[in-house]
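Listed here are the chains, written in short residue letters.
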Amino acid sequence: MTTPVSGLYLCGMKTKLHFTRGEWAAALFLLTVMLASNIFYFFYEDHREPPYDVHQYESLFQAFAQEQQRLSDSLAEVRQKERTQYYQGRPDIRSDTLPPFRKQERKPMYDIVKIDLNSCDTNDLLTVPQFGSKRSAKLVEYREKLGGFYSYAQLQEVYVMQNIDTVKLKDYLYINRQKIKKLNINTATYKELVAHPYIDAYLTKLILRHREQKGPIRDLTELQQITHAYPELVEKLRPYVVF
């Protein structure tokens, strides 16, 4: 129950500040929370842990700094030895005329040994960049049908080689044209003629018919007249046929 004095006081405050009873209750609650917070902070300050003593870690810091210095000295010693060995092999260069720890030029680990494209096998081709077992096998298979390669451009005729830069292959491969196998137009059988990539079944029948009816073919000019082959095909056949 509210005393007369407190009642008059609240009524006066209410009349003066125009607070409702609920607003007064909220104000008293907020005041209580603030008071409790101050009390908690007071006791927390009395019981909090003492700050860390940095001085107790000075020995660890010193040990770490000493280890870093030791590693730095060791690295400098190794570099100095390498520098000394480099200048011992170069008597024409004075060590005091160049900056310290000059980086040496990188030399190739090994010399590239070029492979003959007309005599290599699949294992040899595996040493060439971008060549796997499938690509090597297809290239050797086409070479055997062709009789040997005459130019690097012919590599593009193999479908597995169409995305390869043939210019770069010249660093690893060379072509020995002396090893190209010739095809005798006047003695080759139907099977041998039609197996060549540049001679199809139609040309083969025309060649065999002329051989049976009129005898041997003398040269490429006569071969073109008999088969009516376009000049580009005749030029492609030039390194591979004999009469």
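Because the structure is predicted, anything quoted here is derived from the model rather than measured. Position labels on residues start from 1 in each chain and follow its written sequence. For a predicted model such as this one, the threshold for reporting local features is a pLDDT of at least 70, and the threshold for listing and counting side-chain atom pairs is 80 or more; totals across whole chains, interfaces and linings nevertheless cover every residue. Side-chain numbers here rest on the full set of heavy atoms in the structure, without hydrogens or water.

Looking at the overall build of the protein
In plain terms, the rule: A run of DSSP states H or I qualifies as a helix once it reaches four residues; a run of E qualifies as a strand once it reaches two. Both are numbered from the N-terminal end. Only protein chains enter the area calculation, which uses a 1.4 Å probe; residues under 20% of their type maximum are buried, those over 50% are exposed, and those in between are partly exposed. Any two residues having at least one pair of non-hydrogen atoms within 4.5 Å are treated as being in contact. What sets the accessible areas is the Shrake-Rupley method with a 1.4 Å probe; for residues, cover comes only from the shown protein chains.
The helix and strand tally for the protein stands at 10 helices and 4 strands. Walking the protein from its N terminus toward its C terminus, one meets helices and strands in the order α-α-α-β-α-α-α-β-β-α-α-α-α-β. Counting only residues that meet the buried cut, the protein has 26% of its 243 residues in that class. Contacts spanning at least 24 positions in sequence make up 52% of the contacts within the protein whose residues lie at least 6 apart. Total accessible area on the protein stands at roughly 19,000 Å², and carbon and sulfur atoms take up 57% of it.

A short note on the nonpolar core
Let me state the cut-off plainly: Among buried residues, those of type Ala, Val, Leu, Ile, Met, Phe, Trp, Tyr and Cys that are joined through side-chain atoms within 4.5 Å constitute a nonpolar core.
Among the nonpolar cores identified, the biggest contains 40 residues, and Leu139, Phe149, Leu155, Met161, Leu169 and Leu193 are the most heavily contacted of them. Only helix H5 (133-146), helix H8 (201-214), helix H9 (220-227) and helix H10 (231-237) provide two or more residues apiece to this core. By residue number, the principal contributor to this core is H5, which donates 4 residues. Non-local contacts of Leu139, meaning those with residues more than four positions away in its chain, are made with Leu117, Leu125, Phe131, Phe149, Leu155, Val158 and Met161.

Concerning the pattern of salt bridges
The following threshold applies: Any Lys or Arg side-chain nitrogen located within 4 Å of an Asp or Glu carboxyl oxygen qualifies as a salt bridge.
Under the defined criterion, the tally for this structure stands at 8 salt bridges. We note a salt bridge from Lys181 to Glu144, for which the minimum N-O separation is 3.5 Å. Here Glu144 lies in helix H5 and Lys181 lies in the loop between strand E2 (173-174) and strand E3 (183-184), a separation of 37 residues in the sequence. Bridged by salt links that share partners, the residues Arg143, Glu144 and Lys181 form one connected network.

A closer look at the packing of H8 against H9
The condition that has to hold: Fitting a line to C-alpha atoms yields each axis, with helices limited to the stretch in contact; the angle taken between N-to-C directions then spans 0 to 180 degrees. Geometric relationships in this document are graded by angle, where less than 35 degrees denotes roughly parallel, more than 145 denotes roughly antiparallel, 65 to 115 denotes roughly perpendicular, and other angles denote oblique. Should the near helix be turned anticlockwise from the far one by less than a right angle, the crossing is left-handed, and should it be turned clockwise, the crossing is right-handed. Residues are grouped as follows: nonpolar covers Ala, Val, Leu, Ile, Met, Phe, Trp, Tyr, Cys and Pro; charged covers Asp, Glu, Lys and Arg; every other residue, Gly included, is treated as polar.
At a minimum axis distance of 9 Å, the contact between H8 and H9 shows a crossing angle of 110 degrees. In terms of orientation, H8 lies roughly perpendicular with respect to H9. In the packing of H8 onto H9, the handedness of the crossing is right-handed. Of H9, the residues touching H8 (which contributes Leu203, Leu206, Ile207 and His210) are Glu222, Leu223, Ile226 and Thr227. Looking at the contact of H8 with H9 residue by residue, the class counts come to 5 nonpolar, 2 polar and 1 charged.

A short note on the side chain of Thr227
The cut-off we apply is this: Any N or O atom pair separated by 3.5 Å or less is treated as a polar contact, with the protein-specific requirement of one donor-capable and one acceptor-capable atom, and with residues adjacent in sequence counted only for side-chain atom pairs.
For Thr227, the position within the fold is in helix H9. Of note is the side chain of Thr227, whose polar atom sits 2.7 Å from the backbone oxygen of Leu223. Sequence-distant contacts of Thr227, that is, excluding residues within four places in its chain, are made with Leu203, Leu206 and Ile207.

Side note on H8
This is how it is decided: In this scheme, a helix's expected span is set at 1.5 Å multiplied by one less than its residue total.
For H8, which comprises 14 residues, the first-to-last C-alpha distance of 20 Å matches the rise-based estimate of 20 Å (1.5 Å per residue) to within 8%. Among all positions of H8, only Leu203, Thr204, Leu206, Ile207, Leu208 and His210 are buried. On its buried face, H8 sits against helix H7 (190-194), H9 and H10. Of the residues that open H8, the one with a side-chain oxygen 3.4 Å from the backbone nitrogen of Tyr202 is Asp200. Where H8 ends, the next residue or the one after it, Gly215, has phi of about 95 degrees, a positive value.

Section: H9
Turn by turn, an α-helix covers 3.6 residues, leaving residues three or four places apart pointing in a common direction. The line we're drawing: Working note: the arc is built from the helix axis to C-beta atom directions.
Where H9 is concerned, the buried positions are Leu220, Glu222, Leu223, Ile226 and Thr227. Projected down its long axis, H9 carries its buried residues within an arc of 155 degrees, all on one side. Buried residues in H9 make contact with H8, H10 and strand E4 (241-242). Capping of H9 at its N-terminal end is provided by Asp219; its side-chain oxygen lies 3.2 Å from the backbone amide nitrogen of Thr221. Just downstream of H9, His228 is the residue with a positive phi angle, here 55 degrees.

Things to note about the packing of aromatic side chains
To keep things clear, this is the line we draw: Think of it this way: a Phe, Tyr or Trp ring, Trp meaning its six-membered ring, pairs with another when their centres are within 6.5 Å, and the plane angle makes it stacked under 30 degrees, edge-to-face over 60, tilted otherwise.
In this structure the tally under the stated criterion is 2 aromatic pairs. Judged by centre distance (6.3 Å) and plane angle (35 degrees), the ring pair of Tyr142 and Phe149 falls under tilted. A relative accessible area of 15% places Tyr142 in the buried class. Ring centres of Tyr198 and Tyr240 lie 6.0 Å apart, and the angle between their planes is 70 degrees; on these two criteria the pair is classed as edge-to-face. Of the two residues, Tyr198 is situated in the loop between H7 and H8 and Tyr240 in the loop between H10 and E4; the sequence distance between them amounts to 42 residues.

Spatial relationships are all this shows, so hold off on functional conclusions.
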